[in-house]
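What the coordinates show
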Amino acid sequence: MGYCSDKPAVPCLTVDDCTCANNFSAALYERTRHLLVCESITKANVCNNSAGCQWFGGSSGCGVAPTSPPTNLPTPQPTNEATPPPTSNPTPLPTNAPSIPPTKVPTSPPTPSPTSSPVECKCLGLPTPPSSPPTPGPTNAPVTPVPTSPPTTANPTNGNSYGNGPFVTTATSSELVTIPRPQNPGSQPQTNCPHLQAGLKNWHDSATWSSSSIPAAGESVTLPANSKVIINQAVVEQLGLITIPSTSELIFGENAGAAITLSVAGMDVRGALRAGSETCLYGTELTITLHGIRPNDLDIYGKSPTATPTYKGISVNGGIISMHGKRYFPTWSRLAESVPSGQSYVLLQDQVNWEAGQEVLLTTTAVHDSRVWHRNDVLTIDYVVANPIPGVVGSAVHFTSSALYAHIANNGYQAEVGVLSRNIKIQGAADDSEPTDRDETGGCTGYWHAGVNFKPCPWTHKTGFGGHIMVHSGGKGYMEGVELYRMGQTNVLGRYPFHWHLLGNTCSDCFFRANSIHRSFYRCISIHGSHNTTVTENVAYDVDGYCYYLEDGVEEDNTISFNLAAHIHPVSNVVADSGGGQTITPFVQSKDLILPADVTASGFYITNLHNDIIGNAASGGWAGFALPVLHTPIGPNRDINMRPANRLTKIFDGNVAHSTGWWWSHAGAFYSGGSLYYNSGDNTLLEYNAGRDQTKGSRSPCLVDKCIQSNNCGAYCYEGQRAWFKLTNNKVFMTASPSLNSWSGRMEVIRFEAHDVALGLEALEDGFGIDQLLVECRSGEEWVIPGGRPNYVTATGFSWYDTGQGHIITEATFKNCGARNANNAYENTSPTRGCDTNTFNGCSSGSTVWGFLTHSDQFTPEIMQATRGITYEDCGRRFKLDDFNDNNTPSSVSGRAQNWVDVDGSASGMNEPTIIASGLSDAGKWWKVDSDVVHDPDGPLSFIKVNDGPNRGLGHIRLWWKAEIHNTVGLSNSNACTPAHNWMNCATCKNGPKKDSNGNPYCPPLGRIRHIGPKFNLSNDPTGGLPITANAEVAGLVGGYAWLLQLNDGPPKNLKIDQIEVDPIETPLILAIPYESGTSFSITAHAAWCAGECTETFFAVNSVDHVRASRGNTYFYDVNTKLLYVRIIQTPQTYVSDWHVWNFDDPNISGDPRTHALDRFTFSGITLPSFAYGPYLQIAADCLEGGVSGHCATTPSYIEPEICPVGYIQVSYDKCCVSEGSSDCYIPTLPPTTSPTPQPTFGQGDNLVLNGGFELGLTNWYANSGTIQIDSSQSHSGNQSILVTGRTSTWNGPEQDMKLRMSANKTYRISCWAKLKGTKSSDTLKLTLRIQDDVGGTKWLGISKAINNQDWTLVQGDIAVTVTGTLTDIDLYAEGPASGVEFYVDDVSAIQVASGRALTSERAKMQSASGVTVSPLSLLAFVPIFLWYQWN
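A brief look at the structure comes next.

The rules we used
Starting afresh in each chain, residues are numbered from 1 along the sequence in its written order. Owing to the predicted nature of the model, reporting of local features is limited to residues with pLDDT of at least 70; listing and counting of side-chain atom pairs is limited to 80 or more, with chain, interface and lining totals taken over all residues. Values reported for side chains reflect all heavy atoms of the structure, with hydrogen atoms and water molecules removed beforehand. Should DSSP find at least two bridges between two strands, the strands are regarded as paired. Each helix is a run of DSSP H or I of at least 4 residues and each strand a run of E of at least 2, with the numbering of both proceeding from the N terminus. In what follows, a disulfide is any cysteine sulfur pair within 2.5 Å. Residue exposure (1.4 Å probe, protein chains only): buried if accessible area is under 20% of the type maximum, exposed if over 50%, otherwise partly exposed. Only one rule defines a salt bridge in this text: a Lys or Arg side-chain nitrogen within 4 Å of an Asp or Glu carboxyl oxygen.

Some points on the sheet that holds strand β75 (residues 1225-1226)
Taken together, the 3 strands give an open sheet; going across it, the order is β73-β74-β75, and neighbouring strands pair in antiparallel fashion. For this open sheet the edge positions go to β73 (1209-1212) and β75, each flanked by a neighbour on one side alone. Bridge count for strand β74 (residues 1215-1217) against β75 is 2 bridges, and the pairing is antiparallel. From the neighbouring strand, C1216 faces β75, where its bridge partner is Y1226.

As structure tokens, then:
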């Protein structure tokens, strides 16, 4: 390491920059893997004179000297460079040393400075490794002795040679998640040993060969047919090709005390190649070396006439390779205690059976890992101590030399330690495998990341040409305990260390287990067109290209478990290096990059999620786990009718990634993004877009396979068909980018843990649910990072995206996130809260727990985000409206529209239901609706108490009154639209810039919208309310008196309202627009893609209260105030028949596959509305057009309506009280009507089942046999469901008496949602009506459907209640699964679907009262509020 105590972790430009002049007696100038770094040390009396210094790791014996002298690689220090996700926002380099200490004790304690006198010296080397751990941080930033993580397990004994801990055990190795570990295989007797069977022929017996001579050097050999030949000693000759006929076997025997070696040009295995068996593990040291030079006839597809499967490879051509070396368990473990630099042993959590002489990998816990800069150690075992601290530490592994680097173990995360050596070794030859075009300097530059801009030099490392193993043509592969070294052939198609090639389902018993792959020039193991294989417990290190690799996207039902991948490099050293934007220039297939996706080479390449991905760990790489988007398979499977990107998750659980995501601020450790496809030219070459690719479509997991159902893999997945990718129990640490980033694909992330990261998660997809989340942005550990500037990296918990999303986060904890500043008035004053800008483990000053993207006037938020159960632990800044262009001055449409449903008030700290919304001043009082709204200056945000009003909620609409205006939104034209442009050759409301080069605003106000009432008039809100721009999207509080829209050019003649999102029942959205007297109106609602009744015409009523209580198809024009009032409701997409205020439980009746009438996103008991594209509301005003086309000539003088009765004043947008703060308040209801109030009835459209969601417990329900009970752990909606247990017959289940609510000779749609409990995966559930007729007797009519134990299933159908006499009794119950099978039921419904309401008389009454014509479908608008709510 490079050491300089006065300038810790600062890049050195010259030797003079590493001068020490204090109590540290040495300075070391180091260029580790070509990067210049200085750090502090405590080694005393190292340098006696500067002339005696030399390279670290030189002849002093501390390592291997560089092969060439170092070259200076300057590390510029830009003052305006940073990489805060999701877009770049410059963060100046701090000018002063940190004054605030780290927030948590590092795992290595500080070492006191030497007592020797100050010596000034300049060093280029260190003769010996340090004998004590280095000081972990600058001396002027002492460590605070208060950890933020729970304590690790203390050593129960004192005085042992390993100290007193603290130690980490498997039980304390995570704070939230549970990381699975493999099962110990145990020991077993040696049976079925192939080398002990009778009738074997000896390789070294001349009688074995038809030529009567043992094969000579250079000779190609074919084994005799129908024979089994054994090799039980070294074959000293280097042979050509060995062919094993289909009737023959080559078997390696045991050779006690002597190794067996075999050197060949290749092997053609048509029979069998064996070393041991599953029950007879091979014990001899066996090395097979493969020879062959790289051919020069490779083409752009990676193919060559020379590089056949047998060329420098083992081609298992329909045969069997079965090799079973010694079983080392586990093959990798995790540290039980941190390892400081210079220590020669490690403590492991697991007890291991590793042996002296084996090589062991200690993975990096630095933030970055690449060829040019890494902190991995490879050491050789001296001896192993089992169970050194009983019950606490599994093993102590001692090495023959010391660790060069520090490796962390704390209660949040630990470095992995894997054994690389095996007794069976298959390798490429040393003299013809290594690349001849290595990047020796590392001096190339690219984008800036955390203050440095080095990157791999592209188009180098192209010539690696190791050996390979390929199982194909119906072959079988069984590999365990094998070391693959110098394997893989760079950019040669199909030539990987190990490769199952196009085996389909014929290799379902095949496995690749407990092996190691290191120094690989092309991948680790490829599963290609093969299914049901097992890849488990392998260790991979120093690999070019994706390591664990699902090749074409069709591979399914494989198990990839408990594998370790570390130190992964891009192929040909070409890396997808980018800045802060969302896009990266695509890469195209070439001879030196035959798979362009390798520019993002990662530990795991999962092209199809329908596999079991369990318990793996990834260290380094572009990402840890890459989940690329393939819309079609590639390679020989490209014509298969499937979409790999949409295949559903099977199991993705317990995986860990770290020290990754460096090359792009959006490159998550788990990265769901990047699209791979054939380019549009000749459709034969692949192209890869590593960024957010919106041109090829997005992932859309669906319960229905659209490729099969519609023969169109891109067919729309309807609500009710949608599925979610499920990721559980995963962890990330030490990553200078998001822990997880998903550009597309609905996802449920359950139990996710992140430590020392730039951003907890990033999700740009509608339908993203996160439950049980822990994000510890800074743990207190040192950030070992190139350039030493962690303060250039954010410490942000989560960023809400700006449009088109649906995100719900529940039960989330954030620790030490957010910058430490003085603004958090509601925060604690802990001196360790959040993080500061120190260079030990600091963060950028713009860090925040929650970020909001607010730079855009083009892309703006709907009702998109909700949280529940949020906890903060020692956090700094909580909220930030992140406008990276103008810092919200001027503000943007997206900034002013920000909103968030804080279900329980835990996110805001209000601790009651709260709506979090924008606090920007130029939104006026749009969000500051009453005196109890809490202003957060950090956001700035407004915290609005939901319970302070009668029906508070959120609504969203888009207004469209003039196409030539709205069509300019987001155009690329550089000129902002002004009156002179007449909306031509100009642009408005862009995604970022606010003004053009002449200073003209792109998105000026064209009007205002505000809440109605005197509290919000110009006297009380001089801004006039929320600006309405060319991008006229509005999100705001609903449930109040009304929104008042006023456009600068006058009332619109035609106003289209779409993209409607609003709570269906509880929070009405009323829109008011001023129009001059004499204006008449035609108001209609229109369905999209509609084949039946597609338009609903609104009718006039005689008060605004009637509009508020209506079904959303009425309007009222107040002649006194000259205001038009309309209620806006969310309607189904494709129909308006059976018009009413639809709620989230209403079934779809359009005939398409969707389940419900309204779209929504529901997760963890929270529901957000989702607008449907296409349907809209049209207001056509018949008025005289004025000087501005599209607007009425006259704008009436505005008269504020009286919304409060005498004696009350308006105190909020939705409430009138006697005075501010008074509890004596007025809640409006409908005035009495001229007709009598009809009694409540049950009719068409009503749910006749009482307590169908079981939110009232078991009220109205009983068990016809067995037991029913409320279960709060499972629910389809709401908070609970019913669980049916103790069933002794198939008919046992919950039952309800329907006699008073169902009628004879009617048709009812009955439905419920059901789910099995337990291990049974599928059974049938039936909903039955038991109908008793005094003439016809009893009959049972039902509907049934298969249900499962994974997801809720809708059981629904129509039943006609036909009787011949009088209906005497009718009961509804659920039955069907086999006796003893337990199941859940929720959301039971029975709705009359035949025409049954006699409403003609009510229509006449309403016409008489209002003087207007009333349609039959409009009658419910006139009933009182309480009846309207009950009916709907």
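Picking up after the structure, the text goes on.
Focus on the state of the cysteines
Scanning all chains against the criterion turns up 14 disulfides. Between the sulfur atoms of C707 and its disulfide partner C713 the distance amounts to 1.9 Å. One quick way to see it: the torsion about the S-S bond of C707 and C713 is about 130°, and its sign makes the bridge right-handed. Here C835 is linked by a disulfide to C843, with a sulfur-sulfur distance of 2.0 Å. Across the S-S bond linking C835 and C843, the dihedral sits near 95°, which makes this disulfide right-handed. Judged on exposure class, the residue C835 and its partner C843 are both buried. Looking at C875, it has no disulfide partner, and the nearest cysteine sulfur is the one in C817, 5.0 Å off.

Comments concerning the pattern of salt bridges
Taken as a whole and judged by the stated rule, the model has 42 salt bridges. Residue D509 pairs with K476 through a salt bridge whose shortest N-O separation is 3.0 Å. Of this pair, D509 sits in the loop between β26 (498-504) and β27 (511-513) while K476 sits in strand β24 (residues 476-480), and the two are 33 residues apart along the sequence. E1295 is the partner of R1330 in a salt bridge, and the nearest nitrogen-oxygen pair spans 2.3 Å. You can see R1330 sitting in strand β81 (residues 1322-1333) and its partner E1295 sitting in strand β79 (residues 1294-1297), a full 35 residues away along the chain. Classification of E1295 as buried rests on a relative accessible area of 2%.

Section: unusual backbone geometry
Between G165 and P166 the backbone carries a cis peptide bond, its omega angle lying at 5°. Its location among the elements puts P166 in the loop between β2 (35-37) and β3 (201-202). Omega for the bond connecting G939 with P940 falls within 30 degrees of zero, at -5°, which places this linkage in the cis form. Structurally, P940 is set in the loop between β56 (934-936) and β57 (941-945). Located in the positive-phi region is S659, a residue other than glycine, with phi close to 55°. Examined against the element boundaries, S659 turns out to sit in the loop between β41 (656-658) and β42 (670-672). Of the residues examined, S659 reaches a relative accessible area of 1% and is grouped as buried. Even without being glycine, N1305 reaches a positive phi, approximately 60°. You can see N1305 is positioned in the loop between β79 and β80 (1306-1317).

Just geometry here; none of it tells us what the structure is for.
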